[in-house]
Amino acid sequence: MICLINRAASPGEPRWRVLGFVDDYPTEPDLVLVHRLGAPFLGPTRRLSGLPSATRVALGVGRPRLRRETADAIAHYGLPAATVIHPDAEIGADCVVGEGLFAAGGARVTTNVVLGRHVHLNQNCTVGHDAVLGDYVSVNPLAAVSGHCRLAEGVLVGTTAAVLPGWRSAGTPSSVPGPA
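Residues numbered from 1 in each chain as written. Predicted model: local features only at pLDDT ≥ 70, side-chain atom pairs only at ≥ 80, totals over all residues. Heavy atoms only, no water.

Asks: Pulling in residues and values, what's your account of the overall build of the chain?
Replies: Within the chain one finds three helices and 16 strands. The C-alpha radius of gyration of the chain comes to 16 Å, within 12% of the 16 Å expected for a compact globule of 180 residues. Counting only C-alpha atoms, the chain reaches 45 × 35 × 30 Å along its principal axes. Buried positions account for 38% of the 180 residues belonging to the chain. Put simply, of all contacts in the chain between residues at least 6 apart along the chain, 24% involve residues at least 24 apart. Just so you have it, the chain exposes about 9800 Å², and 55% of that area is on carbon and sulfur atoms. Seen as two clouds, the 15 positive and the 14 negative side-chain charges of the chain have centres 3 Å apart. (Helix = DSSP H or I, 4+ residues; strand = E, 2+ residues; numbered from the N terminus. Rg over C-alpha atoms; globule rule 2.2 N^0.38 Å. Buried < 20%, exposed > 50% of the residue type's maximum accessible area, 1.4 Å probe, protein only. Contact = heavy atoms within 4.5 Å. Areas by Shrake-Rupley, 256 points an atom, 1.4 Å probe, with all protein chains shown as cover. Lys, Arg positive; Asp, Glu negative; His and termini not counted. Charge placed at Lys NZ, Arg CZ, Asp CG, Glu CD.)

What follows is the structure in structure tokens.
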């Protein structure tokens, strides 16, 4: 997604500089994909040690549980999470956005929404008014979370799913402020 953001940037706008990818458990198919993107594979997360404090880490891990584990490992190095919002995504007024948000092209967030840390909003998903998404929630492509819904930490909303008003996932969103 960062490549797409850089391509969409107007002349003179800042661009992301990708240092490379880290992965504690790389697979051969993942390494092939990294190679195709033209950025180096740096090795395990311990390679983040000693990077300048201005370095931001974009955490593009799709599975919520693994994203949390990776964020915990990266936090050890004191590097802040990058918030990555595609230029074709919309975040409405009066929203609270936790660190590390990934919002893909076409993602739509209306108003009075709370997004926890490391939330992933995939292509063309929507989040309705007064919704609360806990840390590490993923909303997959074309899914809709209606207004006044609360999703607990680590919930994965499947592709084309609809989460309706009055529905509440098991548990309570962690470290997410907002209306009950």
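Asks: Please provide a residue-by-residue account of a nonpolar patch on the surface, values included.
Replies: On the surface, Trp16, Val18, Phe21, Leu37 and Phe41 cluster together into a nonpolar patch covering about 410 Å² of accessible area. Here valine 18 shows up in the loop between α1 (2-8) and β1 (21-22). (Patch = residues over 30% accessible without salt bridge, like charges linked within 9 Å, V, L, I, M, F, W, Y side chains within 5 Å. Salt bridge = Lys/Arg side-chain N within 4 Å of Asp/Glu carboxyl O.)

Asks: Talk me through helix α3 (residues 64-75); I want residue IDs and the actual numbers.
Replies: Look at α3: 16 Å from first C-alpha to last across twelve residues, which is about the 16 Å you get at 1.5 Å a residue. The complete set of buried residues in α3 reads Pro64, Arg67, Thr70, Ala71 and Ile74. Looking straight down α3, one finds its buried side chains confined to an arc of 120°; they lie on one side. (Expected span 1.5 Å × (residues − 1). Arc of directions from axis to C-beta.)

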